[in-house]
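Survey of secondary and tertiary structure
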Amino acid sequence: MINAVERKINQYVSELDDAYVSSLYRKLPSGKRLRTKLILKIAGSDLKVVKTAATVEMIHAASLLHDDVIDDANTRRGIISLNASSGNKTAIMMGDILYSKAFLELCNISPEVAKVVSNAVVQLSLGELADVELSKKFHTNRDAYLKMLYQKTASLMEASAEAAAILAGKPRNAYRKYGHNLGMAFQMIDDILDITADSKTLGKPALHDFEEGKVTLPYMYLYEALEDEDRAYLLTLYKKRLNADEALWIKSAMKKYAIIEKSYFEAKDLIVEVIKLMESLGEDDLSNIAKEMIEREF
Ligand code: FPP
Ligand code: MG
């Protein structure tokens, strides 16, 4: 059924009637299609459902195009990013094209679905701005970080699950909660993988978040656990291209204070909550999607 969504996205792109845009779109990696999987599992494969998934994926792709310009990224999902291959101007405009075409199509689905998804895009944009602000200097503001995480990542998953529930006539708040927790846990785990995984697995450089100025939860917890002298040393590594010794120091300190475990359990708590919720609704597939998220290698 994912194929039906891919075909719908291709159709929307070809309706733009622009060979250059089509060629740029073909260059983009399609990713895990996590939002599509959620939507189809919740709502089946009715035409409106397929259209909703297609618009959500186009919005997600647009947000990553813009994010890569903002982050000055060279790679996305293991291949050269569009900003790196074709320049920032092209990447920004390609994002705008996908994003606005998605909105045009959303208007043809249902006003309620359009409202839920467009509200998520407002949150996405607020979240990205908050991310930029929070990356300017070292901080340990957990509440601000979690709010940003919700806006930047969880909001679109929350909206995907809620929109699907609306289309399927299912209780929207339960599914909204599911998407919310899944989105929060997804980003928390992404933050952990940035520290524990190698660059080949990540499709981007490892330990990159701290170098980019992103003080994710593990770094906040590490800072809080460290003695004064080590705290000062950690701060010298902030926004710095790390050499092998420095990267090893961070990894060892994380290990010494069991920071990865602490961060992992926080994500796991969110997942366990929605596994129970979905089991109570007889949604075994959705509960399994949640389980898979925390059963990855760290
Ligand atoms: C990736 O974060 C970024 C996002 C999930 C959202 C980005 C949102 C915008 C740029 C708002 C604009 C939205 C539209 C639709 C125009 P990351 O940098 O932490 O993760 P990464 O490692 O995947 O780059
Ligand atoms: Mg980024």
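Just above sits the structure.
Procedures and definitions
Residues numbered from 1 in each chain as written. Chains lettered and ligands numbered in written order. Predicted model: local features only at pLDDT ≥ 70, side-chain atom pairs only at ≥ 80, totals over all residues. Heavy atoms only, no water. Axes fitted to C-alpha atoms, helices over the stretch in contact; angles between N-to-C directions. Helix = DSSP H or I, 4+ residues; strand = E, 2+ residues; numbered from the N terminus. Parallel < 35°, antiparallel > 145°, perpendicular 65-115°, else oblique. Left-handed = near helix turned anticlockwise from the far one by under 90°. Contact = heavy atoms within 4.5 Å. Nonpolar A, V, L, I, M, F, W, Y, C, P; charged D, E, K, R; others polar. Patch = residues over 30% accessible without salt bridge, like charges linked within 9 Å, V, L, I, M, F, W, Y side chains within 5 Å. Areas by Shrake-Rupley, 256 points an atom, 1.4 Å probe, with all protein chains shown as cover. Salt bridge = Lys/Arg side-chain N within 4 Å of Asp/Glu carboxyl O. Lys, Arg positive; Asp, Glu negative; His and termini not counted. Charge placed at Lys NZ, Arg CZ, Asp CG, Glu CD. Buried < 20%, exposed > 50% of the residue type's maximum accessible area, 1.4 Å probe, protein only. 1 Å grid on protein atoms, 1.4 Å probe; cavity = no way out; pocket = protein on both sides within 12 Å on 5 of 7 lines; lining within 4 Å. Points joined across faces, edges and corners; volume = space filled by probe spheres on them.

Look at helix 3 (residues 34-43) against helix 4 (residues 47-70): their axes get within 9 Å of each other, and the N-to-C directions meet at 160°. With respect to each other, helix 3 and helix 4 are oriented roughly antiparallel. Of the two elements, helix 3 crosses helix 4, and the hand of that crossing is right-handed. Contact residues: Leu-34, Arg-35, Thr-36, Ile-39, Leu-40 and Ala-43 in helix 3; Val-49, Thr-52, Ala-53, Val-56, Glu-57 and His-60 in helix 4. Split into classes, the residues belonging to the contact of helix 3 with helix 4 amount to 7 nonpolar, 3 polar and 2 charged.

Below, the discussion takes up the packing of helix 1 (residues 2-15) against helix 2 (residues 19-27). Packing of helix 1 against helix 2 leaves a shortest axis separation of 8 Å and a crossing angle of 150°. When the axis of helix 1 is compared with that of helix 2, the two are roughly antiparallel. Along its contact with helix 1, which presents Ile-9, Asn-10, Val-13 and Ser-14, the element helix 2 presents Val-21, Ser-22 and Tyr-25. Here the contact of helix 1 with helix 2 is built from residues that sort into 4 nonpolar, 3 polar and no charged.

This part takes up a positive patch on the surface. On the surface, Lys-32, Lys-37, Lys-41 and Arg-77 cluster together into a positively charged patch. Along the chain, Lys-32 falls in the loop between helix 2 and helix 3. The exposure class assigned to Lys-32 is exposed, which follows from its relative accessible area of 55%.

Bringing a nonpolar patch on the surface into the picture now. On the surface, a cluster of nonpolar side chains totalling about 250 Å² of accessible area is made up of Ile-70, Leu-129 and Val-132. For Ile-70, a relative accessible area of 44% gives the class partly exposed.

This paragraph deals with empty space enclosed by the protein. Unfilled space is identified by rolling a water-sized probe across the atoms. Tallied over the entire structure, the rule returns 1 cavity of 30 Å³ or more. Elements with a minimum of two residues in the lining of the largest cavity: helix 9 (172-196) and helix 12 (217-225). A per-class count over the lining of the largest cavity returns 4 nonpolar, 1 polar and 1 charged.

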